[in-house]
Number of protein chains: 2
Amino acid sequence: MTFKSFNPPERILMGPGPSQVSARVLSALARPTIGHLDPEFVRMMDEVKSLLQYAFKTKNEFTIALSAPGSAGMEACFVNLVERGDKVIVCRNGVFGGRMVENVTRLGAEAIIVDSPWGRAVEIDKVQAALDANPDAKFLAFVHAETSTGAVSDAKTLCKMAQDNDCLTIVDAVTSLGGVELRVDDWGIDAIYSGTQKCMSCVPGISPVSFSDKAVAVAKNRKTPIQSWFLDQTLVMAYWGGAGKRSYHHTAPVNSLYALHESLLMVQEEGIENAWARHRAQHESLAKGLKKLGIEFIVPEDERLPQLNTIHIPEGADDAKVRSYLLEHYNLEIGAGLGDLAGKAWRIGLMGHTAQSENVALCLAALEDALNQ
Amino acid sequence: MTFKSFNPPERILMGPGPSQVSARVLSALARPTIGHLDPEFVRMMDEVKSLLQYAFKTKNEFTIALSAPGSAGMEACFVNLVERGDKVIVCRNGVFGGRMVENVTRLGAEAIIVDSPWGRAVEIDKVQAALDANPDAKFLAFVHAETSTGAVSDAKTLCKMAQDNDCLTIVDAVTSLGGVELRVDDWGIDAIYSGTQKCMSCVPGISPVSFSDKAVAVAKNRKTPIQSWFLDQTLVMAYWGGAGKRSYHHTAPVNSLYALHESLLMVQEEGIENAWARHRAQHESLAKGLKKLGIEFIVPEDERLPQLNTIHIPEGADDAKVRSYLLEHYNLEIGAGLGDLAGKAWRIGLMGHTAQSENVALCLAALEDALNQ
């Protein structure tokens, strides 16, 4: 067993995440590790919290970076808020809606599933029907930006409907945060989670999470204990919590939080509305080029995510061969289809730092070359 | 809100973890992010697996780096193996044994608690009595190296007792891995978890986990579903699993795994037995110096962890003031007491890269100065 230090190739990451991580963020990541209770580290955590509040457009006091990937962020929302036997309306229009159903089922709650077609936004009318049919439902859960299909759903309207029906909302913003309009407070979202490796362009492994005061109260006043110790946010609050003393819960991923701090600073410097506009502009430029190549989108134009472009694999093209060619000849990664779209679609990410003209140009040129092989 | 890039002070980390991270590991951490399904990344994961098998002294096929801190590794062991109603004998001689009890209780299983005094090894006789009194117990769970007290327990004997009583073992090796003798296969450990930020001297946030074939079979043949989706190791196996195709489960913390790969390479280059001996030698040198300062250990000599030295706060010394002085004047972090030992003890870590003569010398000199203020 003689292994060497690992020197990764320098890829251009245009898949569904991780996205391109800037040299600035990588450099922050590699700064010397300090203690997770060091006063300097605690001060930085406060800044991360403020910067996350900025990115989420929320004043929620409970806004943190959870020490695990987005799928743990999802589970944290469900296990803290939902109790055994509760009814949860779950919108499913892709892989991640399906994962929400798994979460609800595994904790012994009841999932009322509202299915919409893959590649389409969540169908508002069907959700309204489910709300009407289930006046005892306590939660409405949906994915804002489906990473498996590239469709964006109307989070604002869905949240309004939930409020009108006394439901709390649990929202997956893994791929939406930083890439499209998202307003936690204005829309009245109760629990939201994201990931760092998409439009934040930070390294993978951390999940930004925010709970409204109402959601915090629900977590604190449960009848039954939270089934997970690691994900128990009432304990995590004492570590991330307000002014004063920090209680040890677990060892925070110190260096990854340096990186998140830096990537959030970059979002703030650009201005989050400008970041949304940049994603939109690069998407339009990519869409124009794809049209020239005769490549078609899976998602209808007004339901498309600018940061995740899901396209039909052109007839005659070999899925795996094309992706390997791009990787080998151009160090360019694009994403394969996932779930129902496996073998049928490619996913081209324009997330965060990836959403630059030079990457769009490269992607179009490389794709044209690959398809002509 | 005008924040700047975060430039942490350069601390010398002699607390209970994180330990000092070498420049070599930090440099690996900052290499360019690539995709979690990139063939080069998958090849590196295979090497991480082999290197973890080396460090754990196991041939267990299911040996992985879990994408979250040690406390999630703990929870993964419990939620995958233990079912509602199962009886688990849990040895508790510090904070982390108590956390095991929390895990067992929250999943609806029954914890038979065997208490031993804080600062002492788990008492073998009491465990035998619990095994005798509970022939239907399915698991024996204990902490090999209690990070809250600095006591090491006789894992070899405890595992033998468990086997003789048809119990599977769940072992916390967060602080022991790489610092003291640990032989997963020879001792017949069934499920073990550790952390990267202790004697591996990697950045915090990852938990090495290994299951014996017997434990894997238990996880796969449960009567009830695993309550956590994120920690469901039967799903994770398909990502980390054997030869061939990798199935997506969640986005792996790519850069942290670069760092773990590098720190495991360093362990292998030194030789793990040599690492154990180095921890022992530096501990003896520290103990000699502490004796000269009139400082006493909490743990009896033959139950002491070399990598975590828990000492009585000398009479008249102000706990918080001394630690602040060390931090401010020497950039030196030592640990406060935890749980029952809060305000009564300090914890001096000599973990991994921290266990060097220059750090022992500095710690003794700085402590002498601080106590004379």
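Bear in mind that the values here come from a model prediction, so they are computed numbers and not experimental data.

## Comments concerning the overall build of chain A
So, step 1. Looking only at helices and strands, one finds 13 helices and 13 strands in chain A.
So, step 2. Computed over the C-alpha atoms, the radius of gyration of chain A is 21 Å, within 12% of the 21 Å expected from 2.2 N^0.38 for a compact globule of 373 residues.
So, step 3. Looking at chain A residue by residue over its 373 residues, the buried ones come to 65%.
So, step 4. Taking contacts inside chain A between residues at least 6 apart in sequence as the whole, the part at least 24 apart equals 73%.

## Considerations on the sheet that holds strand 10 (residues 207-211) of chain A
Residues and elements named next belong to chain A.
So, step 1. What the seven strands build is an open sheet, ordered 2-10-9-8-5-3-4; its pairing is mixed. At either margin of the open sheet sits one strand with a lone partner, and together these are strand 2 (62-66) and strand 4 (110-115). Adjacent strand axes in the sheet meet at a mean angle of 15°, parallel and antiparallel pairs treated alike.
So, step 2. As defined by bridge partners, strand 8 (residues 168-172) adjoins strand 9 (residues 191-193) across three bridges and the pair is classed as parallel. Residue pairing for strand 9: Val171 is matched across the bridge by Ile192.

## Concerning the side chain of Asp190 of chain A
Residue and element names in this part refer to chain A.
So, step 1. In this fold, Asp190 is placed in the loop between helix 7 (184-187) and strand 9.
So, step 2. With no salt bridge to any partner, buried Asp190 finds its closest opposite charge in Lys214, at an N-O distance of 4.8 Å.
So, step 3. The contact partners of Asp190, leaving out residues within four places of it in the chain, are Cys167, Leu168, Thr169, Ser210, Phe211, Ser212, Lys214 and Ala215.

## A look at the UniProt feature "modified residue: N6-(pyridoxal phosphate)lysine" (unreviewed entry) in chain A
Residue and element names in this part refer to chain A.
So, step 1. Under the present numbering, the feature "modified residue: N6-(pyridoxal phosphate)lysine" (unreviewed entry) in UniProt falls on Lys198.
So, step 2. Among the secondary structure elements, Lys198 is positioned in the loop between strand 9 and strand 10.
So, step 3. Under the relative-accessibility criterion, Lys198 is labelled buried at 5%.

## Some thoughts on helix 2 (residues 39-56) of chain B
Residues and elements named next belong to chain B.
So, step 1. In this model helix 2 runs 26 Å from its N-terminal to its C-terminal C-alpha over 18 residues, within 8% of the 26 Å that 1.5 Å per residue would give.
So, step 2. Listed in full, the buried residues belonging to helix 2 are Phe41, Val42, Met44, Met45, Glu47, Val48, Lys49, Leu51, Leu52, Gln53, Ala55 and Phe56.
So, step 3. With a side-chain oxygen lying 2.9 Å from the backbone nitrogen of Glu40, the N-terminal cap of helix 2 falls on Asp38.
So, step 4. Where helix 2 ends, the next residue or the one after it, Lys57, has phi of about 55°, a positive value.

## Describing the side chain of Asp172 of chain A
So, step 1. Within the element layout of this structure, Asp172 of chain A appears in strand 8.
So, step 2. Those residues in contact with Asp172 of chain A that lie beyond four places of it in its chain are Met74, Phe96, Met100, Phe142, Val143, His144, Ala145 and Tyr193 of chain A.

## Section: the domain arrangement of chain A
All names here are of chain A.
So, step 1. For chain A, the assigned domains read domain 1 (12-18 + 272-371) and domain 2 (23-268).
So, step 2. Between domain 1 and domain 2, the C-alpha centre-to-centre distance is 26 Å.
So, step 3. Each partner contributes residues to the interface: domain 1 has 27 residues there, and domain 2 has 31 residues.
So, step 4. For the domain 1 and domain 2 pair, buried surface summed over both sides reaches about 2300 Å², with 62% attributable to carbon and sulfur atoms.
So, step 5. Sorting the residues of domain 1 by area buried against domain 2 places Ile272, Trp276 and Glu303 first, and these three jointly supply 30% of that buried surface.
So, step 6. Our enumeration of links across domain 1 and domain 2 arrives at two salt bridges.
So, step 7. Salt-bridge contacts for Lys57 lead to Glu273; the nearest nitrogen and oxygen are separated by 2.7 Å.
So, step 8. Going through the elements one at a time, helix 11 (272-292) and strand 11 (308-312) are the ones with two or more residues in the side of domain 1 that touches domain 2.
So, step 9. The leading source of residues in the side of domain 1 that touches domain 2 is helix 11, at five residues.
So, step 10. Of the residues in the side of domain 1 that touches domain 2, the class split is 14 nonpolar, eight polar and five charged.

## Some thoughts on the pairing of strand 13 (residues 345-349) of chain A
Residue and element names in this part refer to chain A.
So, step 1. In terms of residue burial, strand 13 counts as a mostly covered element, since five of its five residues are buried.
So, step 2. Residues of strand 13 alternate between two faces, with Ala345, Arg347 and Gly349 on one and Trp346 and Ile348 on the opposite face, all of them buried.
So, step 3. When strand 11 meets strand 13, the two strands line up antiparallel, connected through five bridges. From the neighbouring strand, Thr310 faces strand 13, where its bridge partner is Arg347.
So, step 4. In this sheet, strand 13 lies alongside strand 12 (residues 332-336) in antiparallel orientation, the contact comprising two bridges. Following the sheet pairing, Gly335 is matched in strand 13 by Arg347.

## Quick notes on the environment of Glu303 of chain B
Residues and elements named next belong to chain B.
So, step 1. On the secondary structure map, Glu303 appears in the loop between helix 11 (272-292) and strand 11 (308-312).
So, step 2. Note on Glu303: relative accessible area 14%, which makes it buried.
So, step 3. The contacts of Glu303, once residues within four sequence positions are left out, are Gly119, Arg120, Ala121, Gly150, Ala151 and Val152.
So, step 4. At a separation of 2.9 Å, a polar atom in the side chain of Glu303 contacts the main-chain amide nitrogen of Ala121.

## Examining the pattern of salt bridges
Residue and element names in this part refer to chain A.
So, step 1. For the structure shown, the criterion picks out 38 salt bridges over all chains.
So, step 2. In this structure, Glu47 and Arg43 form a salt bridge, with 3.1 Å as the shortest nitrogen-oxygen distance. Of this pair, Glu47 and Arg43 are both found in helix 2 (residues 39-56), four residues apart, which corresponds to roughly one turn of the helix.
So, step 3. Judged by relative accessible area, Glu47 falls into the buried class, the value being 11%.
So, step 4. Given the relative accessible area of 38%, Arg43 is considered partly exposed.

## Here's the deal with the sheet that holds strand 8 (residues 168-172) of chain B
All names here are of chain B.
So, step 1. In spatial order, the strands read 2-10-9-8-5-3-4; together these seven strands make up an open sheet with mixed pairing. In this open sheet, the two strands that pair with only one neighbour each are strand 2 (62-66) and strand 4 (110-115). Sheet twist, expressed as the average angle between the axes of neighbouring strands with direction ignored, equals 15°.
So, step 2. Across five bridges, the pairing between strand 5 (residues 139-143) and strand 8 is parallel. Bridging from a neighbouring strand, Phe139 pairs with Leu168 of strand 8.

## Overview of the nonpolar core
So, step 1. Counting residues in each nonpolar core, the largest one holds 193 residues, and the members touching the most others are Phe41, Phe78 and Ile170 of chain A together with Phe41, Phe78 and Ile170 of chain B.
So, step 2. Excluding residues that lie within four positions of it along the chain, Phe41 of chain B makes contacts with Phe6 of chain A together with Ile34, Gly35, His36, Tyr239, Ala252, Val254, Leu257 and Tyr258 of chain B.

Basis of the calculations
Residues numbered from 1 in each chain as written. Chains lettered and ligands numbered in written order. Predicted model: local features only at pLDDT ≥ 70, side-chain atom pairs only at ≥ 80, totals over all residues. Heavy atoms only, no water. Helix = DSSP H or I, 4+ residues; strand = E, 2+ residues; numbered from the N terminus. Rg over C-alpha atoms; globule rule 2.2 N^0.38 Å. Buried < 20%, exposed > 50% of the residue type's maximum accessible area, 1.4 Å probe, protein only. Contact = heavy atoms within 4.5 Å. Pairing = 2+ DSSP bridges. Axes fitted to C-alpha atoms, helices over the stretch in contact; angles between N-to-C directions. Lys, Arg positive; Asp, Glu negative; His and termini not counted. Salt bridge = Lys/Arg side-chain N within 4 Å of Asp/Glu carboxyl O. UniProt positions renumbered as here; feature names shortened; annotations may be inferred. Expected span 1.5 Å × (residues − 1). Polar contact = N/O pair within 3.5 Å; in protein donor to acceptor, adjacent residues only side chain to side chain. Domains from an automatic or database assignment. Buried area = accessible area lost by both parts, 1.4 Å probe. Nonpolar A, V, L, I, M, F, W, Y, C, P; charged D, E, K, R; others polar. Core = buried A, V, L, I, M, F, W, Y, C linked by side-chain atoms within 4.5 Å.

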